[in-house]
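Okay, here's what each chain looks like letter by letter:
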Amino acid sequence: MKLLLSTFKYLIWLVLAAAGIGGVWAMAVMLYFWPGLHDEVAQLQDVELLLSEQLEMPMRIYTADSRLIAEFGEHRRTRINYEDIPRRYIDALLAAEDASFYDHPGVDVRGLARATVQLLDSGQIQSGGSTITMQVARNYLLTRDRTFARKIREILLSLRMEQLLTKQQILELYVNKIYLGHRAYGIVAASEVYYGKPLHELNLSQIAMIAGLPKAPSAYNPLTNPRRALIRRNWILSRMYNLGQLDDMSYEGAIRAPVSARFHPPERDIDAPYVAESARLFALEQFGDQAYTRGLKVYTSIHSEQQLAANLAINQGLLNYDQRRGWRGAEVQGIPLVEQMQELEADALAEIQASESGLEQVQQALVDPRAEGLKDRLAMDVSYWLRVLDQTPVYGGLQPAIVVESEAERLLLLRRGGGLVELTPEAWAWAGRYHSPFWKDRNALPGHRLVARGDLVRLRRYEDSADTPWMLAQLPGLEAALVAMKTETGEITAMVGGFDYNQSRFNRAEQALRQAGSVFKPFIYMAALERGYTPATIINDAPVVFEDQQLEDVWRPQNSSGTFYGPTRLREGLYKSRNLISIRVLNYVGLGRAIEYVSRFGFDRARMPRDLSLSLGSANVTPLEMTQAYAMLANGGYRVEPYLVTRIEDGDGELIYQAIKPRVCRGCPEDQENMALSGVDYPLAKRLVDPRAVYSMHSILRDVIDDGTGRRAQALDRSDIRGKTGTTNELHDAWFSGFNRDTVASVWAGFDQPASTGEYGANLALPMWINFMKVALQNQPERVLDRPEGLVTVRIDPDTGLRARPGQQDAMFEIFYQERVPEELSSSTGRDESLDAGRDSDTSRPSLIPAPEALF
């Protein structure tokens with residue numbers, strides 16, 4: 001009786017399915033010459049044109065010396081001709097997607113009927129109703145919306161396509177367009193993405209794996225879901241075997257083959273992802289979405305050697321800082337040895353039942369061959385750990401590893417790829433437990449208390465020791481950015497926006513607005529030099545209290561040392577970064593005039609605080625803005641614009657964009673507006689500040705290197721270096737900006753969510769700057785700013801700033817504007833400079849708010 005009912009049920013479904021298909025065919029006849037399809041049919045007349053239009057050429061980003069940085073496009077795709085498609089792949093694809101491909105006219109009536117019955121019976125379609133021809137019509141000519149009208153158009157186009165194109169042409173269109181996961185479109189790209197080699201080098205199991213992707217490139221993906229991918233692969237192999245396309249030996253070997261897919265990103269010549277993203281956005285602004293498909297070649301001003309040096313300087317600087325702060329614990333704790341398997345869905349169970357192999361073979365294939373060689377030594381199967389490591393990204397060169405054994409004096413770690421690393425206490429000697437930015441345990445814990453089996457940690461190459469090539473490491477929480485520029489053109493020659501782009505795409509070099517601290521002070525002091533002060537002006541370093549009536553608060557700025565030093569020359573106040581001196585200097589200049597002056601260097605007026613905290617660097621600026629400002633200081637006061645993209649060519653090599661930015665011309669007449677260079681007219685950069693003030697500041701900033709907070713930079717052994725450190729309130733931000741006449745660079749370091757780093761700019765940012773400049777200035781002659789007219793050098797008394805007495809032993813030389821040379825001889829008594837001395841009558845007293853105490 002049950003058998004009779006079941007048979008009757010299926011007869012009803014078959015009648016309904018036949019009626020539905022008949023209706024579809026009736027509609028197809030009615031709509032066969034539907035005018036709405038004329039455009040799509042017209043496109044089928046020329047397959048080559050269709051392929052060339054659909055297979056977009058990606059945009060490529062290059063350095064100044066034509067080294068590839070990145071490739072951008074919505075699709076990662078490489079074309080293949082039909083005759084080059086491996087026969088095994090065609091067999092596997094048709095077995096999986098369309099076994100009657102060579103027999104049907106574009107629409108498989110039996111397949112549609114079968115899919116209809118499955119849908120009505122179980123609510124799911126297991127075998128699929130779309131032919132390869134229908135998928136080509138959908139992928140090339142139709143939208144992706146799921147509507148009945150679109151399905152009818154798909155059927156009609158498929159019928160027409162079979163009349164206009166050969167089966168070989170349809171297959172060629174299919175394999176070049178189908179999406180196969182991980183941005184891979186087409187089988188050539190998929191072969192490179194998953195296996196890192198050409199399609200013709202893939203073995204049978206790998207070909208079947210790719211053939212299984214079109215139906216569900218995410219669900220059947222061997223990287224993200226290896227068990228489900230294996231079920232799909234083995235079902236395809238079983239179909240090929242049943243169709244007589246595989247012999248027993250080939251079939252048995254293929255279904256037992258382990259998953260060998262690994263992610264293989266596109267190759268590049270140089271690692272500069274923050275540069276690439278910035279250049280991509282620029283091209284997108286210029287050309288819209290067509291930038292991704294026109295084969296654009298975007299050339300940047302990046303110098304390869306400088307970029308590599310910048311990458312290394314930031315990477316090593318952050319890792320070294322992290323080790324100084326201490327061990328925060330394993331990245332992931334207690335990863336199980338065996339994966340917790342999820343229950344299989346109905347379609348997976350159906351494929352297992354329909355295949356010659358069962359779930360047991362799938363489980364056997366999940367055993368990683370790399371783990372087989374470790375079983376004897378470890379007495380365990382680490383296949384799942386290896387998959388976890390494969391899926392864990394490498395950030396900043398730090399390799400992921402899982403703890404296999406942990407003893408007091410020994411750690412055994414499993415590396416990505418299956419290698420074992422044995423660490424001795426020397427490799428984790430730095431790892432005293434972290435407590436705060438100012439405190440870590442002096443000694444590291446024994447290995448068995450530091451980590452446990454199954455913990456995910458990081459490994460860092462230890463280049464200085466042949467005996468210990470690896471060190472224990474951890475991902476740093478601190479971030480940093482570096483920008484370098486040519487001072488006379490504004491061309492950006494190196495840029496790093498963080499520890500690792502894949503970990504955080506936020507470009508701190510261009511986007512992070514952070515308080516500047518004392519690195520901002522030179523611009524306030526230059527305003528004072530133009531206003532009337534000299535490097536020898538005596539200013540009182542003494543306590544001062546400001547009451548803010550609006551906030552009912554009191555601001556008591558201090559020096560970083562907490563000490564007050566009394567009457568001090570302006571020069572010494574800057575290179576020793578005395579906060580009270582800076583406040584009095586700004587008060588002399590006047591807040592309104594100071595904001596106007598610093599805006600000449602490219603700082604945004606709207607972000608300048610309207611109180612005396614500006615003198616301590618409370619303004620929020622980006623590292624790029626700071627570098628632009630120091631470039632202007634370095635080149636003698638000429639305003640240059642920072643830029644990255646120098647030119648863009650289309651796919652045919654035609655120039656479609658050329659950067660034409662202001663350039664410095666030192667020997668050009670003042671009324672000249674343009675200069676010709678290599679057939680291009682460039683506007684001349686305008687000088688916006690007094691060259692005498694600039695030269696005087698160069699002299700003071702050299703003292704920062706010789707006697708101030710930048711003494712570490714003496715390691716470069718160059719007399720043309722100038723610069724300034726900066727640290728903000730509670731050590732949240734660390735800066736160093738420095739230059740010679742040709743090259744300028746700025747380094748910022750801090751946490752994305754402001755918190756204390758526990759270190760000053762001289763300790764944190766300056767070493768990264770030094771390591772970069774070692775390379776940037778290598779084999780470059782020393783270049784200093786020419787001394788402008790109108791300056792004189794005079795011997796002065798260092799205590800009073802006045803002319804030295806004849807024969808005075810402690811006299812020193814100082815630079816003055818010719819018209820400001822002190823006439824009075826020193827009597828060796830210092831003079832005080834009150835807070836309001838020289839105050840402008842047209843500048844009202846600013847409203848004060850609690851402000852950060854900018855330190856060194």
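What counts, and where the lines are drawn
- Residues numbered from 1 in each chain as written.
- Predicted model: local features only at pLDDT ≥ 70, side-chain atom pairs only at ≥ 80, totals over all residues.
- Heavy atoms only, no water.
- Buried < 20%, exposed > 50% of the residue type's maximum accessible area, 1.4 Å probe, protein only.
- Helix = DSSP H or I, 4+ residues; strand = E, 2+ residues; numbered from the N terminus.
- Pairing = 2+ DSSP bridges.
- Core = buried A, V, L, I, M, F, W, Y, C linked by side-chain atoms within 4.5 Å.
- Contact = heavy atoms within 4.5 Å.
- Axes fitted to C-alpha atoms, helices over the stretch in contact; angles between N-to-C directions.
- Salt bridge = Lys/Arg side-chain N within 4 Å of Asp/Glu carboxyl O.
- Parallel < 35°, antiparallel > 145°, perpendicular 65-115°, else oblique.
- Left-handed = near helix turned anticlockwise from the far one by under 90°.

### Section: the pairing of strand β9 (residues 456-461)
Right, on to step 1. The element β9 is largely enclosed, with a buried count of five among its six residues.
Right, on to step 2. Here four bridges tie strand β4 (residues 399-407) to β9, and the two strands are oriented antiparallel to one another. Within the sheet, the bridge partner assigned to Gln399 lies in β9 and is Leu459.
Right, on to step 3. Bridge count between β9 and strand β10 (residues 470-473): four bridges; the pairing is antiparallel. Directly across from Leu459, in β10, lies its bridge partner Leu472.

### A few points about the nonpolar core
The nonpolar side chains of a soluble globular protein tend to be buried with one another.
Right, on to step 1. With 95 residues, the main nonpolar core has Phe523 and Phe603 as its most contacted residues.
Right, on to step 2. Ranked by residues supplied to this core, first place goes to helix α26 (residues 623-635) with eight residues.
Right, on to step 3. With residues up to four places along the chain from it excluded, the contact list for Phe523 reads Tyr597, Val598, Phe601, Phe603, Met626, Ala629, Tyr630 and Leu633.
Right, on to step 4. Grouped together as the second largest cluster of nonpolar side chains are 58 residues, Ala184, Val193, Ala208 and Leu230 included.

### Some words on the sheet that holds strand β6 (residues 420-423)
Right, on to step 1. Ordered in space as β6-β5-β4-β9-β10, the five strands form an open sheet in which the pairing is antiparallel. Only two strands of the sheet have a single partner each, and these edge strands are β6 and β10. Averaged over all pairs of adjacent strands, the angle between strand axes in this sheet comes to 45 degrees, irrespective of strand direction.
Right, on to step 2. Two elements, β4 and strand β5 (residues 410-415), share six bridges in a ladder whose sense is antiparallel. Across the sheet, residue Ala401 finds its bridge partner in β5, namely Arg415.
Right, on to step 3. Where helix α14 (residues 304-325) meets the sheet, its contacts fall on β9 and β10, and the angle it forms with β9 comes to roughly 125 degrees.

### Notes on helix α24 (residues 579-589)
Right, on to step 1. Where burial is concerned, most of α24 is hidden: 11 out of the 11 residues are buried.
Right, on to step 2. Inspection of α24 places Asn579, Leu580, Ile581, Ser582, Ile583, Arg584, Val585, Leu586, Asn587, Tyr588 and Val589 among the buried residues, and these make up the whole buried set.
Right, on to step 3. Phi turns positive, to about 100 degrees, at Gly590, one or two residues after α24.

### Some words on the pattern of salt bridges
Right, on to step 1. Applying the stated criterion across every chain yields a total of 41 salt bridges.
Right, on to step 2. Between Arg87 and Asp91 there is a salt bridge, and its shortest N-O distance comes to 3.2 Å. You can see Arg87 and its partner Asp91 sitting in helix α4 (residues 87-97), four residues apart, about one turn around the helix.
Right, on to step 3. Looking at Asp91, the relative accessible area reads 12%, which means it is buried.
Right, on to step 4. The partner of Arg718 in a salt bridge is Asp720, and the shortest N-O contact between them spans 3.0 Å. An identical accessibility class is assigned to Arg718 and Asp720; each is buried.
Right, on to step 5. Beyond isolated ion pairs, a larger network of salt bridges with shared partners links Glu405, Glu407, Arg410 and Glu422.

### A closer look at the pairing of strand β12 (residues 492-496)
Two faces, one strand: in a regular strand the side chains alternate between the faces of the sheet.
Right, on to step 1. Across the five residues of β12, five count as buried, placing the element largely inside the fold.
Right, on to step 2. The pairing of strand β11 (residues 479-486) with β12 spans four bridges and is classified as antiparallel. When the sheet's bridge partners are listed, Met485 is paired in β12 with Ile492.
Right, on to step 3. Counting the residues in the hairpin turn of β11 and β12 gives five residues, including Gly490, whose phi is positive at 85 degrees.

### Re the packing of helix α22 (residues 521-531) against helix α25 (residues 591-599)
For any two helices packed against each other, one specifies the inter-axial angle together with the distance between the axes.
Right, on to step 1. Between α22 and α25, the shortest axis-to-axis distance is 9 Å and the interhelical angle comes to 110 degrees. Overall, the two elements α22 and α25 adopt an arrangement that is roughly perpendicular. Between α22 and α25 lies a crossing whose hand is right-handed. Contacts between α22 and α25 involve Phe523, Ile524, Met526, Ala527, Glu530 and Arg531 from the first element and Arg593, Ala594, Tyr597 and Val598 from the second.

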